[in-house]
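Residue strings, one per chain:
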Amino acid sequence: MSHTNATGPGVETGSLSWPTGFRAYTGHGGLRDQGDDISVVASDRPAVSAAMFTRSLFAGPAVVLSRAHAAGRDLRAVTTLAQNANVATGRQGEANAAEVVGRVAALLGIDDRQVLIGSTGVIGRPLPMDTIRAHFDDAAGLGPGAFGAGPLDVARAMMTTDTRPKTAVRTVGTARIVGVAKGVGMLEPNMATMLAYLFTDAELTPDDLDTALRTAVDRTFHCLSVDTDTSTSDTVAVLANGAAGPVGTAEFTAALTDLCLDLTRQLASDGEGATKLLRVTAGRARDEAQARRIAKSVVNSPLVKTAVHGADPNWGRVVMAIGKNTEDRDITPDRVTVAFGGIEVYPEEPTPQTLDALTDAMRQPEVAITVTLGLGTAEATVYGCDLSAGYVRVNADYTT
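Report on the accompanying structure.

## Some remarks on the pairing of strand S9 (residues 235-246)
Pairing geometry for strand S3 (residues 48-53) and S9, over 6 bridges, is antiparallel. Looking at S9, one finds that Ala51 is bridged to Ala237. In this sheet, S9 lies alongside strand S8 (residues 195-203) in parallel orientation, the contact comprising 8 bridges. For Leu198, the partnering residue across the bridge sits in S9 and is Val238.

## Describing the sheet that holds strand S7 (residues 175-182)
Read across the open sheet, the 5 strands follow the order S3-S9-S8-S7-S6; overall the sheet is mixed. With partners counted over all chains shown, the strands left at the sheet margins are S3 and strand S6 (166-172), one partner each. Taken pair by pair, the neighbouring strands of this sheet meet at an average axis angle of 15°, ignoring direction. Helix-sheet contacts for helix H1 (residues 61-70) involve S3 and S9, and the interaxial angle to S3 is about 145°. Relative to the sheet, helix H6 (residues 249-269) contacts S6, S7 and S8, its axis offset from that of S6 by approximately 165°.

## Topic: the side chain of His69
Note on placement: His69 falls in helix H1. Polar contacts involving the side chain of His69 include one to the main-chain carbonyl oxygen of Asp112, which spans 3.2 Å. When near neighbours in sequence (up to four residues on either side) are disregarded, His69 contacts Leu75, Val101, Asp112, Arg113 and Val115.

## Regarding the nonpolar core
Counting residues in hydrophobic clusters, the biggest one holds 34 residues, and the most contacted among them are Leu198, Leu209, Leu213, Phe221, Val236, Phe252 and Leu256. Taken together, the elements giving at least two residues each to this core come down to S3, S6, S7, S8, helix H5 (206-219), S9 and H6. If one sorts the elements of this core by residue count, H6 sits on top with 8 residues. Excluding residues within four positions of it along the chain, Leu209 makes contact with Val48, Ser49, Ala50, Leu204, Val238, Ala240 and Phe252.

## Some words on the sheet that holds strand S1 (residues 22-27)
Taken in spatial order, the 4 strands of this open sheet run S1-S2-S4-S5, and their pairing is mixed. With partners counted over all chains shown, the strands left at the sheet margins are S1 and strand S5 (115-122), one partner each. On average, each strand axis in the sheet is tilted by 10° relative to the strand beside it, whichever way the strands run. Sheet topology places strand S4 (residues 77-84) next to S5; 8 bridges connect them, and they run parallel. Considered in S5, the bridge of Thr80 is made with Gly118.

## Notes on the environment of Ser39
Tracing the backbone shows Ser39 in strand S2 (residues 38-43). Residue classification places Ser39 among the buried residues on the basis of a relative accessible area of 3%. Residues Ser39 and Val104, spaced 65 residues apart in sequence, show a C-alpha to C-alpha distance of 10.0 Å. Here Ser39 is in contact with Tyr25, Thr26, Val78, Thr79, Thr80, Val154, Ala157 and Met158, once residues within four sequence places are set aside.

## What about helix H4 (residues 151-158)?
Extensive coverage of H4 is indicated by the burial of 6 of its 8 residues. Those residues of H4 that sit buried are Pro151, Leu152, Val154, Ala155, Ala157 and Met158.

## Quick word on the pattern of salt bridges
It is possible for side chains bearing opposite charge to pair when their charged atoms get close. As enumerated under the stated definition, the model contains 20 salt bridges in all. Salt-bridge contacts for Asp130 lead to Arg133; the nearest nitrogen and oxygen are separated by 3.4 Å. Of this pair, Asp130 and Arg133 both sit in helix H3 (residues 129-142), separated by 3 residues, roughly a single helical turn. Taking the relative accessible area as the measure of exposure, Arg133 reaches 27% and is therefore partly exposed.

## Some words on the environment of Asp36
The residue Asp36 is located in the loop between S1 and S2 in this model. Separated by 123 residues in the primary sequence, Asp36 and Met159 have C-alpha atoms spaced 9.5 Å apart. Excluding its chain neighbours within four sequence positions, the residues that come into contact with Asp36 are Thr26, Gly27, His28 and Ala157. A polar atom in the side chain of Asp36 sits 2.7 Å from the side chain of Thr26.

## Looking at the packing of H1 against helix H2 (residues 90-108)
Remark: H1 packs on H2, axes separated minimally by 9 Å, with the N-to-C direction vectors making an angle of 50°. If you check the angle between H1 and H2, you find them oblique. As for how H1 packs across H2, the hand of that crossing is right-handed. In this structure, H1 uses Pro61, Ala62, Leu65 and His69 to contact H2, whose residues at the interface are Gly93, Glu94, Ala97, Ala98 and Val101. Within the contact of H1 with H2, the residues separate by chemical class into 6 nonpolar, 2 polar and 1 charged.

Criteria and thresholds
- Along each chain, numbering runs from 1 in the same order as the chain's sequence is written.
- Only residues with pLDDT of at least 70 get local features here, since the model is predicted, and only at 80 or more are side-chain atom pairs given and counted; chain-wide, interface and lining totals rely on the full set of residues.
- Hydrogens are left out, water is left out, and the side-chain values use all remaining heavy atoms of the structure.
- The rule for pairing is simple: two strands pair if DSSP sees at least two bridges between them.
- Comment: elements are numbered from the N terminus, with helices defined as DSSP H or I runs of at least four residues and strands as E runs of at least two.
- Here the axes come from fitting lines to C-alpha atoms, over the contacting stretch only for helices, and the angles between their N-to-C directions go from 0 to 180 degrees.
- Any two residues whose heavy atoms approach within 4.5 Å are treated as being in contact.
- For the purposes of these results, a polar contact is taken to be a pair of N or O atoms within 3.5 Å, where, inside protein, one atom must be able to donate a hydrogen and its partner to accept one; residues adjacent in sequence count only when each atom of the pair is a side-chain atom.
- Among the buried residues, those of types Ala, Val, Leu, Ile, Met, Phe, Trp, Tyr and Cys that are joined through side-chain atoms within 4.5 Å form a nonpolar core.
- Type-normalised accessible area, obtained with a 1.4 Å probe on protein chains alone, sets the label of each residue: buried when under 20%, exposed when over 50%, and partly exposed for intermediate values.
- Note on definitions: salt bridges are taken to be side-chain nitrogens of Lys or Arg within 4 Å of carboxyl oxygens of Asp or Glu.
- These descriptions rest on fixed angle ranges, namely under 35 degrees for roughly parallel, over 145 for roughly antiparallel, 65 to 115 for roughly perpendicular, and the rest for oblique.
- Should the near helix be turned anticlockwise from the far one by less than a right angle, the crossing is termed left-handed; should it be turned clockwise, right-handed.
- When residues are grouped by polarity, Ala, Val, Leu, Ile, Met, Phe, Trp, Tyr, Cys and Pro land in nonpolar, Asp, Glu, Lys and Arg in charged, and all others, Gly among them, in polar.

All quantities given are derived from atomic positions and should not be read as evidence of function.
Right, dumping it as structure tokens:
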């Protein structure tokens, strides 16, 4: 049961367990035809927390409620309902989200305001509350023994159109950070993106935890895009219960950022219909905002994404994606370079001798496109995927 392909300092290998003091439950609540679709992860002791949410004007009741609860910075539990976003469902949707939170809180013996709720899936359909109520009634009868699920179980229960669960872990001294995430479509951050929950037994102040989360998100989930569409349900949260004792803030932030980058790459490579991970770096930009804007323009271009899918080193599409940023008037063609897989294609076109190597680079499971703007020293890297017929098929048939 492998949880990550990453290796290096602070990265565990083998089966994955929760940090000290956390436990989890998963079960079937009737949101999908079969398989677990409800999950709860909780700390057995008080915790501090930080969270970020979508800026969508159609944010769902789960986001609205969780945003209010997260303001207390003392969340102890996260529950997720998969396959139904409970968005655009009116007052009843709000009441249903609040009822689920209340049932989770009662199950754990904690205050409602210490529960964060995530809901993900089809928009505009009411939650099947009869089966959800029956589910929580059964869970209450099982008692503490019900909480035997691991991170991989929770990651699976959160999935909608994902083809595989996403988990990652890092260590900071004696403390651990474990993350679970889902989301492979409607993925373009205007906050963070998708659902990602991070749990640690490190001891930090609420302010330090919040700063660490925002730093990590800005460098990772904010640099992720599959299809330019921001979800109504995006949520990222971190809970820290202090069971392993204090850690250095800088070390924790670095480990959290590395973990979130791991999850970002997993999410991008599993984009709906994806066959390749696409990594775009824009360098020598005027500032980081410009670098990220140009890199996003390339990674989001349907023409670039389809060329990557077809292993076609069509650099003309990349310069098009750069050039459409007409407000960046300081970018001029004579300063720009473009490379695929480290092989320059503009302004120096590849020779017949390098074409084979270029085609081979475009056929790899991870394709790297590098752009330099010749304006400064700033750099940004963003992550996405190719665009295949599979993406169209998944989304054409999503509710039918």
